[in-house]
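Commentary on secondary and tertiary structure
Below, each chain spelled out in residue letters.
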Amino acid sequence: MQSFESKVGESKAGATVENVTFDEIRIGQSASLSRQLTLMDVELFATVSGNVNPAHLDPKFAADSRFQKVIGPGMWSGSLISGVLGSYLPGAGSLYAGQSLQFRRPVGLGDIVTATVTVTEKRPAKNIVVFDCVCTNQDGEVVVTGTAEVIAPIQKVVRPAHELPQIQMIRHDKHDALLAKCDELPPVPTAVAYPCDASALQGAVEAAEAGLIDPILVGPEATIRSVADACGLDVSRYRIVDAAHSRAAAQAAVALARTGACEAVMKGSLHTDELMSEVVKKETGLRTSSRISHVFVMNVPTYAKALLITDAAINIYPTLEDKVHIVQNAIDLAKVLGVEVPHVAILSAVETINPKIATTLEAAALCKMADRGQIAGGVLDGPLAFDNAISAEAARTKHIVSPVAGQPDILLAPDLESGNMLVKQLSFLANADAAGIVLGAKVPVILTSRADNVRARLASCAVASLVAASRRMPPLPLAAE
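Analysis parameters
- Residues numbered from 1 in each chain as written.
- Predicted model: local features only at pLDDT ≥ 70, side-chain atom pairs only at ≥ 80, totals over all residues.
- Heavy atoms only, no water.
- Core = buried A, V, L, I, M, F, W, Y, C linked by side-chain atoms within 4.5 Å.
- Buried < 20%, exposed > 50% of the residue type's maximum accessible area, 1.4 Å probe, protein only.
- Helix = DSSP H or I, 4+ residues; strand = E, 2+ residues; numbered from the N terminus.
- Pairing = 2+ DSSP bridges.
- Axes fitted to C-alpha atoms, helices over the stretch in contact; angles between N-to-C directions.
- Parallel < 35°, antiparallel > 145°, perpendicular 65-115°, else oblique.
- Left-handed = near helix turned anticlockwise from the far one by under 90°.
- Contact = heavy atoms within 4.5 Å.
- Nonpolar A, V, L, I, M, F, W, Y, C, P; charged D, E, K, R; others polar.
- Disulfide = S-S within 2.5 Å.

Grouped together as the largest cluster of nonpolar side chains are 55 residues, with contacts concentrated most on L217, L333, I375 and L380. Residue contributions to this core peak at eight residues, all from helix α15 (residues 454-471).

Below, the structure written as structure tokens:
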């Protein structure tokens, strides 16, 4: 019996494939292929076949099914038979003529299935070979039986194996987990400043329908209702605070937060500067003793956990003193999100201290300040270049010994430009999901973008909900006026 192992996305350098021609095939000749069923296999099969039966994909649904667990699609096991026939026996040049299958028992995640084909008949007139097909699990139990008819090749083929592409699954379940954290929280009263276009108003309504916020729509009432009518949105259940223009809407939204009428502020269709200029005003704004900063919560498909990037939206060229507050805000947020001891990578162009690069000196100072307790709750290291901050292997290659390299929860960008470019590169080149929040104010401020999809908007509101819940006792003190 010939036995072959196969894994998706793998091919060995220098490997060759060799078929078995019709004349070479003998009655009783067999070949096998073994494969362990993983969640990735099930998701790939669903993607390719269009079979999205929740019995294969949803553990909660499957728990109430006949087998009380997620099971693999029957045809996944059948595809292993195809793999043996097409790749090994007869192999290259084979053509399916027919296949019958009987499914004897389910295959669950983690089961190892071995597909074996055995020649039972040869029909010279059309070069057809009949195979008995059996799939067994790791316990030797039969899961699939069947018969295959294959037109075998008549020409010998020996050639390099085709190199299969690497496969990367792009999931959005981390944002789903973030939203799930808010399931037991009440909707956060949120002043939505100037929701006067379809994108802004729809974002607020979607977040309300998801139970994340209780919106107070602040802006020209006639305009808000007109936009709602045009978009088919029902805003009758939401309070509307009439404000003549965008600046007045920003002022009114901030005033609602300052007086305790709401626990969050959400940007509508006005410019970010209009809203933030009201937030930071000493006399009438939402300032606290902390520097106001922005944090992106990024869920990157190629990174195992949420990655917080700061500051990419508020502080253009932050000073060392500013960065102390920026880092502390991010650490506090990471703890709210469930990270017990956040690891902070302080980014620069290089990982060594260079007096000509100011950000390397600031990184060293921040680390020493953390040692002295001036920054609390996290583990800091820097300067670190992006590669050795994010990759433990890159750090080892450069002989960097670091408690943060390869496992940061927070990336502190040198300035707004670099941080903003990093966030957008991850979003548009790495298919990352992003949520954004402004911290350091009396209430969290949700800065959404017209380019944000529904998932990003909801995730930003979810972060604000978690922050608001954490602040209800005790409240942050207002800055002295």
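Moving on from the coordinates now.
The next subject is the pairing of strand β13 (residues 293-299). The buried fraction of β13 is high, at seven of seven residues. Here β13 pairs with strand β18 (residues 433-439) via seven bridges, running antiparallel. Bridge assignment links V297 to a residue of β18, and that residue is A435. Relative to strand β14 (residues 307-310), β13 runs antiparallel, the two sharing three bridges. Bridge pairing in β14 places V297 opposite L308.

This next bit is on the packing of helix α6 (residues 198-209) against α15. Contact geometry for α6 and α15: axes closest at 10 Å, N-to-C directions at 60°. Taken together, α6 and α15 sit at an angle that is classed as oblique. Like other packed secondary-structure pairs, α6 and α15 cross with a definite hand, here right-handed. Every residue of α15 that contacts α6 at S199, G203, E206 and A207 is listed here: V454, R457, L458 and C461. Residues that form the contact of α6 with α15 fall into these classes: four nonpolar, two polar and two charged.

This next bit is on the state of the cysteines. Between two cysteines, a covalent bond joining their sulfur atoms is known as a disulfide. Applying the stated rule across the entire model yields zero disulfides. Left without a disulfide partner, C133 is nearest to the cysteine sulfur of C135, which lies 7.7 Å away. What makes C133 buried here is its relative accessible area of 0%. Counting only cysteine sulfurs, C461 is the nearest neighbor of C182, a cysteine outside any disulfide, at a range of 9.4 Å.

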